[in-house]
Every structure is written in structure tokens, then in C-alpha cells.
Amino acid sequence: MIKALHDFGEYVLLMYRTISVPERWSVFFKQVLKEIFKLGVDSLWIVIFISIFIGAVITIQVSLKIVSPLIPDFTVGYIGREIVILEFSSTIMCLILAGKVGSNIASELGTMRVTEQIDALEIMGVNSANFLIFPKIVAFVCFIPVLAVFSMFFGIMGGYLIAWTSDVITAAKYEFGIQYWFNAYYITYTIVKSMVFAFIISSIASYFGYNVKGGALQVGKASTNSVVMSSVFILTLDLVITHLMLI
Amino acid sequence: MIEIKNINKSFEGKNVLNNISTVFDKGKTNLIIGRSGSGKTVLMKILIGLLRPDSGEILYDNRNFITLPRRELKKLRTEMGMLFQGSALFDSMTVLENVMFPLSMFTKERKKEREERAHCCLERVNLADAIHLYPSEISGGMMKRAAIARAIALNPKYLFCDEPNSGLDPKTSLIIDELIHDITAEYNMTTIINTHDMNSVMNIGEKIIFISDGQKAWEGSKDRIMTSSSKELNDFVFASDLFKRVKAMENAGSPPAFQVN
């Protein structure tokens, strides 16, 4: 318990150092752009790939479970849309990104720490936390809505693909289902949630990577710890945010 | 000139540095030598501000490094250059970008001027051909030279080198030693080198501080190190077979094996 409190205190202090006015705005914007490509654009293909397949599988699974003649067929499209928008494109996608982006950040910063590159920045008089971590957080938090929107679109398209190519449901009924009783607020809810998760992923991974002590083994451990801790916080905050925004 | 006064440092109750005081001269290569675990790396980290001493003073040209206000401390940091044991070049940047980095962060020069300065530093360390290569694409010696170029980019007053020859062959070590020595004289810097390489000591040791068990055990120059009566220093210096032979030759009346410049 004391260790957890100590770690939380260290995390808060690191964020205090991180979230400050950048030394040079021009350098900062350049860094943010670089990180957007590295953390965001490079993650697009995996987001699209996973979304299409999960959307397709959800459609098949739901259609197989709905056997009652009292439930209309378009419900498949409706349930698929709700699952994709409300949970998959934010929570599940962020759990996946915690593995890809989180481990990338933790291992990059951890390697910089063990090879004394962070010390080199400090000696030059650069606020290394602000220089290295802040652009990553800003870039990922700003780009996550794009990833979430892509995930929603391709998730629903995955289901549509199944409706077109198989006989589990007709395309017309699926189309009607995905438009049925649509609440635009759910999009806002998903984007807000994914932005919070993006902050969690990038800041926790940065914390573990930045504080690595030792060598390659510890870098690997930091990477694993960052994924585990990010996942725990994502799931916990999912419950909290859902309670706050939907109930 | 850097002066340290009564520096003490302990970790978990264990004294690592004990009351160390000395002066590192301007325009000279000052060497901190000692066995592994003697405390020289801790002393170096204290000097550059990566560790805080339990007590004592560090004066950079009479400016107290420990109590300096934040803004002045930042200014002082731009006057410091550091060569790390593993070079610590930024992996994601080319050699040229690495050298330009401190210029981009701390000067208001235009890109062209920054590039010119970086080229000038890289030419000084004979690395003009490798400017577009990444650190992973160059040899250990080239990495050290690139790190030296980065360290001198802002015309520093103080240069710190942590084990500059570690992992290098004897000939490349000699080149790096001479480069550091020449640059120190050229820029009139206070250079502090942390090493346990006796070749470096005999080659460029204008002022030498020997640390043993966290204490300053000896202080002098390379021309006095071979004739010192300090037992701890002799144990360190003559640990290698080569230096034992040199000592024996000198005792037998042969001409000194190391010519003092």
C-alpha cells in the first residue's frame, strides 16, 4: 500500500514536471507531429484491421443468438452498432493500444534512460520530462478521436460486409438496424472516454519508461508493467466514466 | 575553474564520498582516477548535478552550483558539455542533428547558422563525412567524436568526460584523449575526466586526483605520479604488468618510458 502511494506520488510529480510550458514551441510542435505519426498514424492499420473483423464477428454471433421470432432481424445491426460504438471502439481498442503504443513509449524512454540519453538532456539544461513525454501525451490524446472514429466506422462496416456476403442477415435489415434509435451523444461519450484512456496509456507508459533503473531486462519489465497498469486503469475508469456520463 | 569544498555523500548510511575538496584548473585536463567503486562516478554525478551532495560546496567560477537560482542554474548548464561513457547520442537523430540539438534548444540562430556551427564542430573532430548517419551506423570511436562535437557546440566553459576510452581500442583511445586535450586548450575550458585508464593518465593528465574509498588519497600531475610514495596510488598505478615493468626499468636507471610533455 505504501509503495503504491509512493509510486502514485512519483507519477504526480512526473506529470507536474511534464505538463509545463515547452522550452521551444517550434521544437515542441515538431515533436508532436512526429509523435502523431509514430503513435497514431502507425496504429491506424491495426485499428482498421481489428475493427473490421470484430464488427463482422459480432454480427455473426448476435445473429446466431437471436432465435426468437419476437425479436426483429434488424436488432442484429442495432446491437452490433451499440457494442462497437459504446465499448469496442473506445475501451477494447484502447486496451489493444495500451499494448502497442504503451509498450512502445515505455521501451523507448526506458532505453533512453539506460543509455544515459535522458541524463544528457538534463545536463544540457533541458526539462527532459517536458521535452520527451509532453509531446507524446499531446499527440496521442489529440489523435485518439481519429482512431476511435475509424474504429467505429470500420467496426460497423465489418458487420455490413457479413450482411452482404452471407445470409445471417440481409443488408437492408442490417442497414435499418444500424440507423435505428441512434443517439449522437454516444459518439461524444466514446470520444471523451478514449481521450481519457489515451492520457492514461501515454502517461503511465512514460512513467514506467522514464523511471527505469538498470538494463535491458528492466526496460522489458517496465514495458510489461505499463501495459498491465494501463489496462487496470482503463477498465476501472471505464466503469467510472460510464457511470458519470450515461447514468 | 571549478572548486569543490568538503563534499560528502552517503547512500543508505554508507559513506561513498568523504570530505573531498579540490580545485579543477581552467585550461587543463583534470583527471579523477580510482578503482571501480571508489566513488569517482558519484563525484562526477555530483559535479554535473545529477546527484546532490549531503554537504559541501561546488563553485563554478565562484558560483555556488547547489544554491544557484533556477534561471542562473539553467544558464550555467548551457556552459557545460558532457561526454558520456556510452556517448549518449540521441538514437532518433543523425550525427548532424545530434550536434545541432543544443543549438536548436538554446540559441536563437537561424537554421543555416546552426548547421554551419554544427559542421564546424564535426570538422574539428574529423567527422564531416558521417553527418547524415545515425548513431547505430557508426563505430564506437566515431560516436565518441560525435559526442565531443555535440558537447562543444555551445562553446562550453566546462567539459566533463566519463570514461571516454571505455570500449575503445588503444589507438582510438589515444586519438580521443588527444582530441579532448587539444580542445581543452583551444576553448580554454575546465575539463574533468573520469577514468581508470593509465594510458590516458600518462598521456593527458595535467592534474590528477586519486580517489580511494571515497576519499581524496593523492593529488598531483602525471610527472609526479610515477614517483609518488602513496601506497594506495602505487597499488592502483602499478597494478598492470606493463607499469610494473616501467617502474622496474626506471629503478634500474633506464630512460623513462613515458616522456612528460
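Residues numbered from 1 in each chain as written. Chains lettered and ligands numbered in written order. Predicted model: local features only at pLDDT ≥ 70, side-chain atom pairs only at ≥ 80, totals over all residues. Heavy atoms only, no water.

What follows covers the overall build of chain B. Check the secondary structure of chain B and you find 10 helices and 10 strands. Here chain B has a C-alpha radius of gyration of 19 Å; the compact-globule value for 261 residues is 18 Å, and the two agree. Once the C-alpha set of chain B is aligned to its principal axes, its extents read approximately 60 × 40 × 30 Å. The burial tally for chain B puts 52% of its 261 residues in the buried class. Within chain B, counting contacts between residues at least 6 apart in sequence, those at least 24 apart form 64% of the total. Side-chain charges in chain B split into 35 positive and 33 negative, and the spacing between the mean points of these groups amounts to 4 Å. (Helix = DSSP H or I, 4+ residues; strand = E, 2+ residues; numbered from the N terminus. Rg over C-alpha atoms; globule rule 2.2 N^0.38 Å. Buried < 20%, exposed > 50% of the residue type's maximum accessible area, 1.4 Å probe, protein only. Contact = heavy atoms within 4.5 Å. Lys, Arg positive; Asp, Glu negative; His and termini not counted. Charge placed at Lys NZ, Arg CZ, Asp CG, Glu CD.)

What follows is about a nonpolar patch on the surface. Together, Val-228, Met-229, Val-232 and Phe-233 of chain A make up an exposed nonpolar region whose accessible area comes to about 310 Å². In this structure, Val-228 of chain A sits in helix 9 (residues 216-246). (Patch = residues over 30% accessible without salt bridge, like charges linked within 9 Å, V, L, I, M, F, W, Y side chains within 5 Å. Areas by Shrake-Rupley, 256 points an atom, 1.4 Å probe, with all protein chains shown as cover. Salt bridge = Lys/Arg side-chain N within 4 Å of Asp/Glu carboxyl O.)

Now for the packing of helix 6 (residues 128-165) of chain A against helix 7 (residues 171-179) of chain A. All names here are of chain A. At a minimum axis separation of 8 Å, helix 6 and helix 7 run at an interaxial angle of 155°. On the basis of their axis angle, the class for helix 6 and helix 7 is roughly antiparallel. Residues Ile-156, Gly-159, Tyr-160, Ala-163 and Trp-164 of helix 6 form the contact with helix 7, whose own contacting residues are Ala-171, Tyr-174, Glu-175 and Ile-178. (Axes fitted to C-alpha atoms, helices over the stretch in contact; angles between N-to-C directions. Parallel < 35°, antiparallel > 145°, perpendicular 65-115°, else oblique.)

Let's shift gears to helix 4 (residues 75-114) of chain A. Its 40 residues give helix 4 of chain A an end-to-end C-alpha distance of 54 Å, which sits within 8% of 58 Å, the value for a rise of 1.5 Å per residue. Glu-116 of chain A lies just past helix 4 of chain A and shows a positive phi near 65°. (Expected span 1.5 Å × (residues − 1).)

To continue, consider the interface of chain A and chain B. Opposite the 17 residues of chain A that make contact, chain B presents 22 residues. The tally of links between chain A and chain B comes to one salt bridge. The salt bridge partner of Lys-74 of chain B is Glu-23 of chain A, with a shortest N-O separation of 2.1 Å. Our enumeration of links across chain A and chain B arrives at four residue pairs in polar contact (both at pLDDT 80 or more). Examining the composition of the side of chain A that touches chain B, we find that seven residues originate from one element, helix 5 (residues 117-124) of chain A, more than from any other. Per-class residue counts for the side of chain A that touches chain B are eight nonpolar, three polar and six charged. (Polar contact = N/O pair within 3.5 Å; in protein donor to acceptor, adjacent residues only side chain to side chain. Nonpolar A, V, L, I, M, F, W, Y, C, P; charged D, E, K, R; others polar.)

To continue, consider the sheet that holds strand 5 (residues 63-64) of chain B. Across a sheet, strands are paired by hydrogen bonds formed along the backbone, either parallel or antiparallel in direction. All names here are of chain B. Across the sheet, which stays open at both edges, the four strands sit in the order 2-1-4-5 with antiparallel pairing between neighbours. Looking at which strands have only one partner, the edges of the open sheet turn out to be strand 2 (14-24) and strand 5. As paired elements, strand 1 (residues 2-11) and strand 4 (residues 55-60) share five bridges and run antiparallel to each other. Each residue of the ladder has a partner; that of Asn-8, found in strand 4, is Ser-55. Along the sheet face, helix 1 (residues 40-48) touches strand 1, strand 2 and strand 4 and points at about 120° away from the line of strand 1. (Pairing = 2+ DSSP bridges.)

Time to look at the nonpolar core. Counting residues in each nonpolar core, the largest one holds 55 residues, and the members touching the most others are Leu-97, Val-126, Phe-131, Phe-140 and Leu-147 of chain A together with Phe-101 of chain B. A per-element tally of this core places helix 6 of chain A first, with 12 residues. When neighbours within four sequence positions are excluded, Phe-131 of chain A is seen to be in contact with Val-27, Gln-31, Leu-121 and Val-126 of chain A together with Phe-101 and Met-105 of chain B. (Core = buried A, V, L, I, M, F, W, Y, C linked by side-chain atoms within 4.5 Å.)

For the coordinates displayed, the defined rule picks out zero disulfides over all chains. Cys-142 of chain A takes part in no disulfide bond, and the closest cysteine sulfur to it belongs to Cys-94 of chain A, at a distance of 14 Å. Residue Cys-120 of chain B stays outside any disulfide, its sulfur separated by 5.5 Å from that of Cys-121 of chain B, the closest cysteine. (Disulfide = S-S within 2.5 Å.)

This part is about the packing of aromatic side chains. By the definition in use, this model includes 22 aromatic pairs over all chains. When the ring of Tyr-160 of chain A is compared with that of Tyr-174 of chain A, the centres are 5.9 Å apart and the planes differ by 35°; the resulting orientation is tilted. With Tyr-160 of chain A in helix 6 and Tyr-174 of chain A in helix 7, this pair connects stretches of sequence that are 14 residues apart. In terms of burial, Tyr-160 of chain A and Tyr-174 of chain A fall into one category: buried. Seen from their ring centres, Tyr-207 of chain A and Phe-208 of chain A are 5.4 Å apart, and the 75° between their planes marks the pair as edge-to-face. What makes Tyr-207 of chain A buried here is its relative accessible area of 10%. Grouped by ring-pair contacts, the aromatic residues Phe-8, Tyr-11, Tyr-207 and Phe-208 of chain A constitute a single cluster. The aromatic ring of Tyr-210 of chain A is capped on one face by Arg-113 of chain A, whose charged end is 4.7 Å from the ring centroid. For Arg-150 of chain B, the ring lying beneath its charged end belongs to Phe-90 of chain B, and the centroid distance is 4.7 Å. (Phe/Tyr/Trp six-rings, centres within 6.5 Å; stacked < 30°, edge-to-face > 60°. Lys NZ or Arg CZ within 6 Å of the ring centre and 35° of its normal.)

What follows covers the sheet that holds strand 9 (residues 207-212) of chain B. All names here are of chain B. Spatial strand order, 6-7-8-3-9-10: six strands in an open sheet with mixed pairing. Here the strands that pair on one side only, and so sit at the sheet edges, are strand 6 (80-83) and strand 10 (215-220). Strand-to-strand twist of the sheet, defined as the mean angle between neighbouring strand axes without regard to direction, takes the value 20°. Alignment of strand 3 (residues 29-33) against strand 9, held across four bridges, turns out to be parallel. Bridged to Asn-30 within strand 9 is Lys-207. Packed on one face of the sheet, helix 1 meets strand 3, strand 6, strand 7 (158-162), strand 8 (190-195) and strand 9 and runs near 150° to strand 8.

This brings us to unusual backbone geometry. In this model, Glu-116 of chain A sits at a positive phi of 65°, which is unusual for a non-glycine residue. As for its position among the elements, Glu-116 of chain A is in the loop between helix 4 and helix 5. For Asn-188 of chain B, which is not glycine, the phi dihedral falls at a positive 50°. Its location among the elements puts Asn-188 of chain B in the loop between helix 6 (170-187) and strand 8.

This next bit is on the environment of Ser-202 of chain A. Residue and element names in this part refer to chain A. Residue position: Ser-202 is located in helix 8 (residues 185-210). The contacts of Ser-202, once residues within four sequence positions are left out, are Ile-105, Lys-136, Ile-137 and Phe-140. At 3.4 Å, the side chain of Ser-202 forms a polar contact with the backbone oxygen of Phe-199.

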